[in-house]
Amino acid sequence: MIEVEVKARIDSFNEIEKKLEAIGAVKAKTEFQEDIYFQSPIVDFAKTDEALRIRTTNNNTFITYKGPKLNRDAKTRKEVEMTIESAEKASDIFAEIGFNPARTVRKNRQYYRYENFEISLDDVEGLPPYMEIEIALENGKDYSEAQDKIFELFGKLGITDGFERTSYMELLENLNNE
């Protein structure tokens, strides 16, 4: 699967929630997420723009690999994800083969559905409010049209700047380096 995702810093969750409701977006769920990102002993993920994480939510645990970004304007990249039984066991396996935890990112996320978009309002520990809009595509499909539609939806919601192509982990790392 190819994930086309754009995030933007927003001023207020309440303001965006009202705008989402006004266009007919439906709130799907709210959940807490804890993401543990790992460093590879073989490849410098910061240089290759890849990510490997274990995500624990209210109800599930996943391992996710995110490939290098495919373009300049959005976080468009291959994503492979699978449900697992235990974050602790997966972390132990990763440690045994040399993958060490790099950073943990915690957030409360509200999910909305609108047409074929997944929209999330993210309250990330240590960061201001953000909103992400994404579309999942089958491998091989043209992602530039999907990216354009995401930016159109941002415009419809009155968001024309504050876009970020970096992950929350990178944003937190950049704060620590300032």
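For the structure itself, look to the data block above.
Residues numbered from 1 in each chain as written. Predicted model: local features only at pLDDT ≥ 70, side-chain atom pairs only at ≥ 80, totals over all residues. Heavy atoms only, no water.

Thoughts on the pattern of salt bridges
The final tally for this structure, using the stated rule, is 19 salt bridges. A salt bridge links Lys69 to Glu170, with the shortest nitrogen-to-oxygen separation between them at 3.8 Å. Residue Lys69 is found in the loop between β4 (61-66) and β5 (75-84), and its partner Glu170 is found in helix α5 (residues 168-177); the two are separated by 101 residues along the sequence. Judged by its relative accessible area of 25%, Glu170 is partly exposed. In this structure, the salt-bridge partner of Lys89 is Glu85, at a minimum N-O distance of 3.8 Å. Both residues of the pair, Lys89 and Glu85, count as exposed. In this structure, a network of salt bridges that share partners links the residues Glu5, Lys7, Lys75, Arg109, Asp122 and Glu132. (Salt bridge = Lys/Arg side-chain N within 4 Å of Asp/Glu carboxyl O. Helix = DSSP H or I, 4+ residues; strand = E, 2+ residues; numbered from the N terminus. Buried < 20%, exposed > 50% of the residue type's maximum accessible area, 1.4 Å probe, protein only.)

Topic: the pairing of strand β6 (residues 100-114)
Walk down a regular strand and you will see the side chains alternate between the two sheet faces. Bridge analysis of strand β2 (residues 26-39) against β6 gives 13 bridges, and the strand direction is antiparallel. By the bridge assignment, Gln33 is partnered in β6 with Lys107. Bridge count for β6 against strand β7 (residues 117-124) is 8 bridges, and the pairing is antiparallel. Residue Tyr112 lies in a different strand from β7, and its bridge partner there is Ile119. Joining the antiparallel neighbours β6 and β7 is a turn of 2 residues, in which Glu115 adopts a positive phi near 50°. (Pairing = 2+ DSSP bridges.)

Section: the packing of aromatic side chains
Counted under the stated rule, the structure contains 6 aromatic pairs. Between Phe38 and Phe94, the ring centres sit 4.9 Å apart and the planes meet at 85°, which makes this aromatic pair edge-to-face. Of the two residues, Phe38 sits in strand β2 while Phe94 sits in helix α3 (residues 87-96), which places them 56 residues apart along the sequence. Ring centres 6.0 Å apart and planes at 45° place the aromatic pair Phe94 and Phe99 in the tilted group. Note on accessibility: Phe94 and Phe99 belong to one class, buried. (Phe/Tyr/Trp six-rings, centres within 6.5 Å; stacked < 30°, edge-to-face > 60°.)

By themselves, these figures tell us nothing about what the structure is for.
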